[in-house]
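# Structural characterization, general
Residues per chain, in single letters:
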Amino acid sequence: MMMMASLKTTLFLFLQWVIQFAVCRDVTLPPGSLYRVAGFPVSLPCAVTGYEGPHTQDFEWYLFRDDSGGRQMGVVSTKNPEFTYALFQARVRNGEVRVERDSGDKARLVIQKLRPEDQGKYECSTPSTDTVYRGNYSASVVVKVIPDTLQISCSRSLTGQPISEGAELMLTCSAGIQSEPLTHLSVMFGKRDRDSLGNSLGSGAGGEVREIISIDKLLGVVPGNSGSYKKRYEDGEITLEKRNGEAGRDLYVMKMSRVIPEDTGSYFCEVSQWIRDPNRSWQKIAQRTLDIGNLTVQQLVESLSVTSSPRGEVTLQVGSPLILTCEMSGLAFGGNSGLLVQWMKRGSGSSDAFGPGGVEVEVARIRPDGVVSWGDDLSRASGGSMEKVAEGKYSLKLFSARPSDSGVERVYRCVVSVYAGRRNPRLSTAPTVTQRSEGVTVNLKTKEVLVSTVAGLPCGPLLKRGSTITLICNVTVTTTGPAQVQVQWLRWPFAEPIIKKGDSPLSELPPPVVEKPRLVAALSYDGIAQIYSNGSEVSIDRLSAVSYRLRIHTATVDDQGLYMCQAEAFGQDPHGGWYNTGSKAVSPAVTVYLYTRAADLLLIPLAIGISSALFVGILIIATVTCCFMKRLARQRAPK
């Protein structure tokens, strides 16, 4: 047992001796030489490990200047306030030279504004707290101070003049360095928010500094993460490129294809100089910021104004050209915003966007790609034009005004939709803003036109199934100048007959009429016939200047009903074109009823006779058969 205890004691002392010599104090600094720029901060981190004693260690910094002949100068100490050499005392007191702790055993020497005479070898020393002096208690690094050659300028600044939403913005920043050690530049464009008075707000004043886009030290383009900058960069709306400049400088150009309201603010360009230290880490050694100016984005919903001319009402002669002009203001013309310009007209109907009394219909439009298209009235495509007269000015011209273009319910408006920053938007893209002009009422001085019609059946035999129905429509037009007539034949079919309960089929009531008419045929003013019949052979023609005929060949019961003739008068404008005067008349109704043919009447007794004969024959055969079977049965019965 005593031998075992002695062995354990020997092993413990051996391990303690190994630990004492294996774990020793070690002080480290970044490897050098370190190149830093005069006038900018330098930070030298120092760490100590393998020590004994308290966790919070003291640090003392020394400088060996190149011109001091190896003489040591105390810079700053965490232990001794009297440690600082006279040359550094003022800088230490005002905090320009100081020690900042990262932890109890890590601290860094910070020189806020490096001077050329600060070049030399810096030594970090840690006073011993160990029971045995072992390891290294200091480390050193050479710091070389290079002159400040970072230059930055801006060829054009923002003036603070408001620009319209959707306009293009281009900012430039020129930067260059002349450095003996290899250094790189990074450039960042940013924005500071502004208060209601237009003053720039930094992060300390309740504002926010936003990074828009940058080119890093390795020439990679990096979009900002705040706001919508990243998505706009991915969509190609924000770009940044590096170009060759003058006098050894590079030119950095940032473009926004369209500005939005959140782009309002104070813009700046920040250029940083970087160097790669011997430990392969990148360090920022210089930085400059240049204010570019203030930008105010004026929202289109507040600035855009659309007007149409002539204003109020316009009165024209029939056939005169109708010219309407649409003008817009408060928009950055010549930019990259797409415009959709429409001329709308209030037509007949129950309601519309203008108010009661009509439905809004489109007359024509110019798309953002410049293509003109016409609305429902395609005939206007050959009788009118819509074009861009100048920037922000569009015209609609109808070569020959018609009565359908005028009247109390004919109000024209110009509707402008702006796609800010999108010259050729997709069909699914919603406009940034849409504005309407005031209405223009168009009145025409038309000739007085009176139309009267009379329809009837010519004298002849009674109409029967299979007959040809002939209807005549006589039209009278009273007006000055040439006139043409367009005729339509309408039919109200009879409904099913109504029979009173208990009455015979012969005592049926007169058939009621279906309320909705059916168009049978039409003859246009230029002689084109259109047939709408659903089975029977129909023809329509013009017998004379005032007489029109409708014929239904091989008529059937379905052709019965009330027939009316509707006539519309067309006038001729000074250019020779025909237009609908809006005057029309409907004739009194003509009843068309088909009587039964004689051949059809003979079928009734024939059908009754055949039915009776069959019934009597069957009855006789049944009676004879029954009597015969009964007699046969009696003969076979046993006697």
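A brief look at the structure comes next. If you're wondering where the values come from, they're calculated on a predicted model, not measured in any experiment. (Residues numbered from 1 in each chain as written. Predicted model: local features only at pLDDT ≥ 70, side-chain atom pairs only at ≥ 80, totals over all residues. Heavy atoms only, no water.)

### Structural notes on the sheet that holds strand E3 (residues 42-49)
- Strand order in the open sheet formed by 4 strands is E1-E3-E7-E6, and the pairing between neighbours is antiparallel. Looking at strand neighbours, the two that pair on one side only are strand E1 (26-28) and strand E6 (97-103), the edges of this open sheet. Sheet twist, expressed as the mean angle between neighbouring strand axes with direction ignored, is 20 degrees. (Pairing = 2+ DSSP bridges. Helix = DSSP H or I, 4+ residues; strand = E, 2+ residues; numbered from the N terminus. Axes fitted to C-alpha atoms, helices over the stretch in contact; angles between N-to-C directions.)

### Observations regarding unusual backbone geometry
- Looking along the chain, the bond that leaves Ser309 and enters Pro310 is cis, with omega of -5 degrees.
- Within the element layout of this structure, Pro310 appears in the loop between strand E21 (305-309) and strand E22 (312-317).
- The backbone of Leu219 shows a phi angle near 65 degrees, a positive value even though the residue is not glycine.
- Relative to the assigned elements, Leu219 resides in the loop between strand E14 (209-215) and strand E15 (221-223).
- Phi at Thr554 takes a positive value of approximately 50 degrees, unusual for a residue other than glycine.

### Notes on the packing of aromatic side chains
- Inspection of every chain in the model, using the stated rule, returns 3 aromatic pairs.
- Ring geometry for Tyr62 versus Phe83: centroids 4.9 Å apart, planes at 75 degrees, classification edge-to-face. Here Tyr62 is found in strand E4 (residues 60-65), whereas its partner Phe83 is found in the loop between strand E5 (72-77) and helix H2 (86-93), with 21 residues between them in sequence.
- Exposure remark for Tyr62: the relative accessible area of 14% places this residue in the buried category.
- When the centroid spacing of 4.5 Å and the interplanar angle of 20 degrees are considered together, the rings of Tyr525 and Phe570 count as stacked. (Phe/Tyr/Trp six-rings, centres within 6.5 Å; stacked < 30°, edge-to-face > 60°. Buried < 20%, exposed > 50% of the residue type's maximum accessible area, 1.4 Å probe, protein only.)

### Brief notes about the sheet that holds strand E28 (residues 393-398)
- Strand order in the open sheet made by the 4 strands is E21-E23-E28-E27, with antiparallel pairing throughout. Edge positions in the sheet fall to E21 and strand E27 (384-390), since each of these pairs with one other strand and no more. For this sheet the average axis-to-axis angle between neighbouring strands, irrespective of direction, equals 20 degrees.
- Sheet topology note: the E27/E28 ladder contains 6 bridges and is antiparallel. Bridge pairing in E28 links Met386 to Leu396.

### Let's talk about the pairing of strand E13 (residues 184-192)
- The element E13 is largely enclosed, with a buried count of 8 among its 9 residues.
- Where E13 meets strand E18 (residues 265-276), 9 bridges bridge the pair, whose relative direction is antiparallel. Residue Leu185 lies in a different strand from E18, and its bridge partner there is Gln273.

### Regarding the state of the cysteines
- The full count for this structure, using the stated rule, is 4 disulfides.
- Disulfide partner of Cys326: Cys414, at an S-S distance of 1.9 Å. Here Cys326 and Cys414 share a disulfide; its torsion about the S-S bond, -75 degrees, makes the bridge left-handed. Of this pair, Cys326 sits in strand E23 (residues 322-329) while Cys414 is found in strand E29 (residues 411-419), placing the two residues 88 residues apart along the sequence.
- Exposure remark for Cys414: the relative accessible area of 0% places this residue in the buried category.
- Bridging Cys473 to Cys565, the disulfide has an S-S length of 2.0 Å. Residues Cys473 and Cys565 are joined by a disulfide whose S-S torsion is about -75 degrees; by sign, that bridge is left-handed. A residue pair is termed long-range when its members are at least 10 positions apart, and Cys473 in strand E33 (residues 469-478) and Cys565 in strand E39 (residues 561-572) qualify at 92 residues.
- Each disulfide in the chain links cysteines that, numbered along the sequence, combine into the pattern 1-2, 3-4, 5-6, 7-8. (Disulfide = S-S within 2.5 Å.)

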